[in-house]
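Coordinate inspection notes
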Amino acid sequence: MSQRLTPACRRSYGRGRSAVVRLLRDSPGGVGNTRGDKANFESLINDVSTKIFDRFPDETEFHPGHGRDSTLGAERPSLPEWRARGW
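These lines cover the structure that appears in this document, whether it is placed above or below. Everything quoted here is computed from the prediction, not taken from an experiment. (Residues numbered from 1 in each chain as written. Predicted model: local features only at pLDDT ≥ 70, side-chain atom pairs only at ≥ 80, totals over all residues. Heavy atoms only, no water.)

Let us now look at the packing of aromatic side chains. As enumerated under the stated definition, the model contains one aromatic pair in all. Ring plane angle 75° and centroid distance 6.2 Å describe the contact between phenylalanine 53 and tryptophan 82, whose orientation is recorded as edge-to-face. With phenylalanine 53 in helix H1 (residues 38–53) and tryptophan 82 in helix H3 (residues 79–85), this residue pair connects regions lying 29 residues apart in the sequence. Taken as a pair, phenylalanine 53 and tryptophan 82 share a single burial class, namely buried. (Phe/Tyr/Trp six-rings, centres within 6.5 Å; stacked < 30°, edge-to-face > 60°. Helix = DSSP H or I, 4+ residues; strand = E, 2+ residues; numbered from the N terminus. Buried < 20%, exposed > 50% of the residue type's maximum accessible area, 1.4 Å probe, protein only.)

If you want it as structure tokens, here you go:
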């Protein structure tokens, strides 16, 4: 089963895990380049924060469009840094 969370993100159920989040453009270390558009970045970081990080536990796996797989718990402490730097 799959549930759309954001335009570029789906949550998958099954395989004995509570959730697996598949991101199409995000990567570990940030939410991705929004080509310097502050409004797009604010929309993206807010969606990722509220629809993913605020909803799912630390052990939730994610598989980004770029880079290595990770868990929300490993990336969660970096949210303030991502917001501050703007990508």
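Past the structure itself, the notes keep going.
Moving on, we get to the nonpolar core. Core analysis: the largest hydrophobic core is formed by 12 residues, namely Val31, Phe41, Leu44, Ile45, Val48, Ile52, Phe53, Phe56, Phe62, Leu72, Leu79 and Trp82. Going through the elements one at a time, H1 and H3 are the ones with two or more residues in this core. Per element, the largest residue contribution to this core is six residues, and it comes from H1. Here phenylalanine 53 is in contact with Val48, Leu72, Glu75, Arg76, Leu79 and Trp82, once residues within four sequence places are set aside. (Core = buried A, V, L, I, M, F, W, Y, C linked by side-chain atoms within 4.5 Å. Contact = heavy atoms within 4.5 Å.)

Turning to the environment of phenylalanine 41, a few remarks are in order. Residue placement: phenylalanine 41 occurs in helix H1. Take phenylalanine 41: its relative accessible area is 4%, and that puts it in the buried class. For phenylalanine 41 and valine 31, which are 10 residues apart along the polypeptide, the C-alpha to C-alpha distance reads 8.4 Å. If we ignore the near neighbours within four places in the chain, the residues touching phenylalanine 41 are Val31, Thr34, Trp82, Arg83, Gly86 and Trp87.

This part is about the environment of histidine 66. In this structure, histidine 66 sits in the loop between strand S4 (61–63) and strand S5 (70–71). Under the relative-accessibility criterion, histidine 66 is labelled exposed at 52%. Along the primary structure histidine 66 and glycine 32 are separated by 34 residues, whereas in three dimensions their C-alpha atoms are 9.4 Å apart.

This part covers H1. The set of residues buried in H1 consists of Phe41, Leu44, Ile45, Asp47, Val48, Ser49, Ile52 and Phe53. Its side-chain oxygen at 3.0 Å from the backbone nitrogen of alanine 39, aspartate 37 defines the N-terminal cap of H1. (Polar contact = N/O pair within 3.5 Å; in protein donor to acceptor, adjacent residues only side chain to side chain.)

Under the criterion given, the structure shown has five salt bridges. Residue arginine 83 pairs with glutamate 42 through a salt bridge whose shortest N-O separation is 3.5 Å. Placement of the pair is arginine 83 in helix H3 and glutamate 42 in helix H1, with a sequence separation of 41 residues. The partly exposed category is assigned to arginine 83, whose relative accessible area is 34%. Among the residues examined, glutamate 42 registers a relative accessible area of 35% and is labelled partly exposed. Among the ionic pairs, aspartate 47 bridges to lysine 51, the shortest N-O distance being 3.7 Å. Of the two residues, aspartate 47 and lysine 51 both sit in helix H1, four residues apart, roughly one turn of that helix. Overall, the relative accessible area of 32% leaves lysine 51 in the partly exposed class. (Salt bridge = Lys/Arg side-chain N within 4 Å of Asp/Glu carboxyl O.)

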